[in-house]
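Summary of structural features
If you want the building blocks of each chain, they are given just below.
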Amino acid sequence: DGAGCSGGYTYDAETNPCDLTPVACDQDACEAIDGDWVESCPDPPPDCDPLAPSPDDPSCTGPPKGIDRFGKKMYARKLVARDKPQDNEDEGVFCHVTFDLCEGETMITQQIDSGFGDYYRVANAPGEWCDYEGTADYAFDGMHKCGEARSYSPVTPLNEESAQFVIKQARANEEEYECKHGGQGGPPCKFGMSELACMAPLGTEFLLSVNPDQGGTDHTTHYVYKPNFSLEPGNGPYTINFIGQGVSLTEINIGIMSALLQPFASDGSFSTIKEVNYLWANSYWSNAAWIFEPTDSDDLAREAFRQMGQYGVRFNLMNAISRERVPEAVWPRIDYDVIGDAFKIANNATDKDPNIKWFVVGSSGFKKSMYPYLKSWGYDLYPCSDAAADKGYPQCGPNSLYNQEPPGAAGLKDRERSQLFQFYEDLAPVPGPETWHKKGYTSKDCTWARSHKAVPNPRCNTRGEDGTTAGESCPDMDC
């Protein structure tokens, strides 16, 4: 007799029913990662160590430094680059951050399919930042939910040896938490993961997952998506309608790229995806405008809009701006009537075409507001599970863009892959973008370091903003 832990992302009743036992040494640890503590599983071994090294560890990270929900191991990754494409404390701050992966390690090798909405889990390094109090100019009261991972959609080209994210900085609600931002005129607020990503020095270690977020029990809502459409000739034609809020571009833009990647089907006929409509909600036009500005970044969120013109009539972008009137945006704050007018819905009859597919991305409150509007317009949508019914989302059904794969290993085995994943799967891994620059001199980058003609290159020992030397971080240095 014993008791162990089951219900992780590798759960398989036939071959691996107690998959979480090695990473959950007691009942509390099991339930903390959303597992089931059951008597049918053997006791954890006496030397149980969830963070022990294993052959599955990435080649450059060492053993895991944390265990996330469903038993996913979390590994230390260094923050190597950051820029702020929008940096306006009044209207919004968006941070584009890059983490290094190991040589040969990409989203393809990790089986993370952003074309179908897969995401990473990101946490602060153990024991760090929890009690951080800020600076004399801007104070904090430590970190909110320190050590807990958050979900972020990657914007990385899938064959690149890096993990890139665009994160919108969110600050604490002063009224709700009875605090003042920066400690100006009252007790300081706590900071969250988005603020940490936007302020942590380059070289800071974060923890990142290496697997899709896939639950193995029936009491979660987190399972990988299963496309509710077919690209096989003779299906459709489909109209895909996205409603997104703010930083939803990190998931929706990549989904758009994937959906519209191939204009023709396998037999030479037109793609079964006829058109994609995207209603994008922001508070200010500046929250959207930055994505159209010139950039050297190769992130896919911005690349999607650079390619927008080639999609022709297959793609329609609509902006909804809630806090100002601007000529670039027709629609105000999204409500029932705005949805009807923007997507040209004729009536609220319930016999809607099942080839019209909907997907909503945004905050919890945003999704809870939008899906009832769609149902009121007559679309056949319903909670994907009892847990989803309690939460309000995700929604499945004939008019949903996605349903969900079954829990555990069954949902990951031979899952259908997005067009985007298949495209990058055929490409060789490539290094992430060169991010090194001399400390205090953003213009003195790897190109500058390599330009010295002496051999060995004296700039090899130049220290960078991330704490590494040019010789360590810049390829093709004659050191």
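First things first, this report covers the structure right here in the doc. Each chain has its residues counted from 1, running along the sequence as written. A pLDDT threshold of at least 70 governs which residues receive local features in this predicted model, and a stricter bar of 80 or more applies before side-chain atom pairs are shown or counted, although totals over entire chains, interfaces and linings include all residues. In computing side-chain values, all of the structure's heavy atoms are included and hydrogens and water are not.

Things to note about the pairing of strand S4 (residues 73–88)
In regular strands, side chains alternate between the two faces of the sheet. The line we're drawing: The rule for pairing is simple: two strands pair if DSSP sees at least two bridges between them. By definition, any uninterrupted DSSP run of H or I lasting at least four residues is a helix, any uninterrupted run of E lasting at least two residues is a strand, and each is numbered from the N terminus.
In this sheet, S4 lies alongside strand S3 (residues 66–67) in antiparallel orientation, the contact comprising two bridges. The residue bridging Gly-66 from the neighbouring strand is Met-74, located in S4. Linking two consecutive strands that pair antiparallel, namely S3 and S4, is a turn of five residues; a positive phi of about 65° is found at Phe-70 within it. Where S4 lies against strand S9 (residues 205–209), five bridges are found, and the strand directions are antiparallel. Across the sheet, residue Lys-78 finds its bridge partner in S9, namely Glu-205. The pairing of S4 with strand S5 (residues 92–100) spans seven bridges and is classified as antiparallel.

Focus: the state of the cysteines
Rules: What counts as a disulfide here is a pair of cysteine sulfur atoms lying within 2.5 Å.
The tally for this structure, following the rule as stated, stands at ten disulfides. One disulfide bridge connects Cys-130 with Cys-146, the sulfur atoms lying 1.9 Å from each other. Where Cys-130 bonds to Cys-146 through sulfur, the torsion about that S-S bond is close to -75°, and the disulfide is left-handed. On the criterion of sequence distance, the pair formed by Cys-130 in the loop between strand S6 (120–124) and strand S7 (150–152) and Cys-146 in the loop between S6 and S7 is long-range, its members being 16 residues apart. The disulfide bridge from Cys-179 ends at Cys-189, spanning 2.0 Å between sulfur atoms.

So, the side chain of Ser-418
The test is simple: Burial here depends on accessible area, computed with a 1.4 Å probe over protein chains only, as a share of the maximum for the residue type. Under 20% is buried, over 50% is exposed, and the range in between is partly exposed. Any pair of residues with heavy atoms lying within 4.5 Å of one another is described as a contacting pair.
With respect to the secondary-structure elements, Ser-418 resides in the loop between helix H11 (409–412) and helix H12 (419–425). When its relative accessible area of 0% is taken as the criterion, Ser-418 is described as buried. When sequence neighbours within four positions are dropped, the list of residues in contact with Ser-418 reads Asp-113, Gly-115, Phe-116 and Ser-258.

With respect to empty space enclosed by the protein
Applicable threshold: Cavities and pockets were defined on a 1 Å grid built from protein atoms only: a cavity is a group of points that admits a 1.4 Å probe but offers it no way out, a pocket is an open group of points flanked by protein on both sides within 12 Å along at least five of seven lines, and a lining residue is one with an atom within 4 Å of any such point. Grid points are joined across faces, edges and corners, and a volume is the space filled by probe spheres set on the points. Classes in brief: Ala, Val, Leu, Ile, Met, Phe, Trp, Tyr, Cys and Pro nonpolar; Asp, Glu, Lys and Arg charged; the others, Gly included, polar.
All chains considered together, the criterion is met by four cavities of 30 Å³ or more. Empty space within the largest cavity amounts to approximately 110 Å³. Along its surface, the largest cavity is lined by 17 residues, and Phe-116, Phe-229, Ser-258, Ala-259 and Ser-418 are the ones closest to its centre. Of all elements in the fold, only strand S11 (238–245), helix H5 (249–259) and H12 reach the threshold of two or more residues within the lining of the largest cavity. Of all the elements, H5 adds the most residues to the lining of the largest cavity, at three residues. Among the residues forming the lining of the largest cavity, the class breakdown is nine nonpolar, six polar and two charged.

Description of the side chain of Ser-230
The condition that has to hold: Polar contact is defined as a pair of N or O atoms within 3.5 Å, subject to the rule that within protein one atom must be able to donate a hydrogen and the other to accept it, and that residues adjacent in sequence are counted only when both atoms are side-chain atoms.
Looking at the secondary structure, you find Ser-230 in the loop between strand S10 (225–227) and S11. There is a polar contact of 3.2 Å between the side chain of Ser-230 and the side chain of Asn-235. Those residues within four positions of Ser-230 in sequence are excluded, and the remaining contacts are Asn-235, Tyr-238 and Thr-272.

Quick word on H5
Counting along an α-helix, one turn takes 3.6 residues, and residues three or four places apart therefore face a common direction. Buried residues dominate H5, accounting for eleven of its eleven residues. For H5, every residue scored as buried is listed here: Leu-249, Thr-250, Glu-251, Ile-252, Asn-253, Ile-254, Gly-255, Ile-256, Met-257, Ser-258 and Ala-259.

Notes on the packing of aromatic side chains
Selection criterion: Here a Phe, Tyr or Trp ring, Trp counted by its six-membered ring, pairs with any other such ring whose centre lies within 6.5 Å, and the pair is stacked when the planes are under 30 degrees apart, edge-to-face when over 60, and tilted otherwise. To sit over a ring, a charge needs its Lys NZ or Arg CZ within 6 Å of the ring centre and within 35 degrees of the ring normal.
Applying the stated criterion to the full structure yields 28 aromatic pairs. Measuring from ring centre to ring centre gives 4.6 Å for Tyr-225 and Tyr-402, while their planes differ by 5°; the resulting arrangement is stacked. Residue Tyr-225 is found in strand S10, and its partner Tyr-402 is found in strand S17 (residues 402–404); the two are separated by 177 residues along the sequence. In terms of burial, Tyr-225 and Tyr-402 fall into one category: buried. Where Phe-423 meets Tyr-424, the ring centres are 5.1 Å apart and the plane angle is 85°; that geometry is what we call edge-to-face. Judged by its relative accessible area of 11%, Tyr-424 falls in the buried class. It is Lys-352 that lies over the ring of Tyr-379; its NZ or CZ is 5.2 Å from the centre. Here the guanidinium or amino end of Lys-444 rests over the ring plane of Tyr-441, the centre of that ring lying 4.8 Å away.

Some remarks on helix H9 (residues 364–376)
Convention followed: How far a helix is expected to stretch is found by multiplying one less than its residue total by 1.5 Å.
Taking 1.5 Å of rise per residue, the 13 residues of H9 would be expected to cover 18 Å, and the 19 Å separating its terminal C-alpha atoms lies within 8% of that figure. Just past H9, the residue Gly-378 takes up positive phi, approximately 100°.

Re the pairing of S6
Most of S6 is tucked away: five of the five residues are buried. Side-chain alternation along S6 places Tyr-120, Val-122 and Asn-124 on one buried face and Arg-121 and Ala-123 on a second face that is also buried. The sheet contact formed by S6 and S7 spans three bridges and is antiparallel. Bridging across to S7, Val-122 finds its partner in Arg-150.

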